[in-house]
Amino acid sequence: MDEPILLTDEEIQEFLVTGFLVFQPSVPDGIHETIYNRLNEIIDEEPNPGNNILPRVPEMRHILNSPEVRGALISVLGPDYLEHPHRYCHPVRPVEEPLSEAETEAKLIKGCHQDGYTPLGHPRQHYLRYARVMYYPQDSPVEAGPTHVIPGTQFNKGLTDEDKARLIPLTGKAGTVSISHFDIGHAAGVNSVPRFRHMIKFLYLRASE
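We now turn to the structure provided with this report. The structure displayed is predicted, hence computed values, not measured ones. (Residues numbered from 1 in each chain as written. Predicted model: local features only at pLDDT ≥ 70, side-chain atom pairs only at ≥ 80, totals over all residues. Heavy atoms only, no water.)

1. Quick notes on the overall build of the chain
At step 1: For the chain, the helix and strand inventory stands at seven helices and eight strands.
At step 2: The C-alpha atoms of the chain give a radius of gyration of 17 Å, which matches the 17 Å a tight globule of 209 residues would have.
At step 3: Its C-alpha atoms put the chain at 50 × 40 × 35 Å along the principal axes.
At step 4: Looking at the 209 residues of the chain, the share that counts as buried comes to 46%.
At step 5: Partitioning the contacts of the chain with sequence separation of at least 6, the portion at a separation of at least 24 is 84%.
At step 6: For the chain, the exposed surface amounts to about 10600 Å²; the carbon and sulfur share of it is 53%.
At step 7: Charge centroids of the chain, computed over 19 positive and 29 negative side chains, lie 7 Å from each other. (Helix = DSSP H or I, 4+ residues; strand = E, 2+ residues; numbered from the N terminus. Rg over C-alpha atoms; globule rule 2.2 N^0.38 Å. Buried < 20%, exposed > 50% of the residue type's maximum accessible area, 1.4 Å probe, protein only. Contact = heavy atoms within 4.5 Å. Areas by Shrake-Rupley, 256 points an atom, 1.4 Å probe, with all protein chains shown as cover. Lys, Arg positive; Asp, Glu negative; His and termini not counted. Charge placed at Lys NZ, Arg CZ, Asp CG, Glu CD.)

Below, the structure written as structure tokens:
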């Protein structure tokens with residue numbers, strides 16, 4: 001396994017301020033297409049496998065074990081970080097009818113949220129204890145409905161209307177990965193292209209202070 005590539009000082013500063021970073025992992029050729037096709041088969045033919053998605057598509061280990069992902073997790077959580085058993089594939093189907101710009105914005109704002117810590121409710125922790133990794137196996141321009149985030153809201157107890165007006169899309173080519181503070185505000189995008197948009201969420205946590 002290649003040595004992890006740690007975040008630079010500038011990347012750490014950006015993460016602390018905005019709450020997220022976006023990058024491309026180094027993985028074998030063709031792996032994203034393989035993962036995307038397998039996810040389509042699963043989502044088309046059976047209920048969402050939930051926490052079992054990684055064993056069902058083990059090729060995603062290439063993403064999680066890449067030097068970039070491991071380095072980012074070490075940088076923000078420490079070298080003894082732990083992988084949480086919860087993971088989930090979030091497929092977004094194409095909309096049945098085209099939405100106007102105003103309708104798209106309204107749908108995005110309605111979906112804005114901060115994730116909860118089960119089973120303990122919603123404690124907000126400025127000191128990073130949980131990190132979220134989101135992986136996109138397909139090209140994800142804004143038209144495909146990538147996740148949108150609200151920079152800096154990892155420091156907020158809740159989300160205001162002003163916050164929700166600052167949503168930005170995490171766009172990128174196939175294989176794009178984002179790492180974010182668990183408490184950052186986010187929302188699923190609106191998919192207007194004729195194919196699934198998949199995002200697979202993985203959670204990691206700090207094991208020591």
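2. Overview of the environment of isoleucine 184
At step 1: Summarising the element assignment, isoleucine 184 is placed in the loop between strand 6 (177-181) and strand 7 (185-187).
At step 2: Sequence separation between isoleucine 184 and aspartate 115 is 69 residues, and the spatial gap between their C-alpha atoms is 8.1 Å.
At step 3: If we ignore the near neighbours within four places in the chain, the residues touching isoleucine 184 are Thr18, Gly19, Phe20, His113, Gln114, Arg132, Val149, Ile150, Pro151, Thr153 and Gln154.

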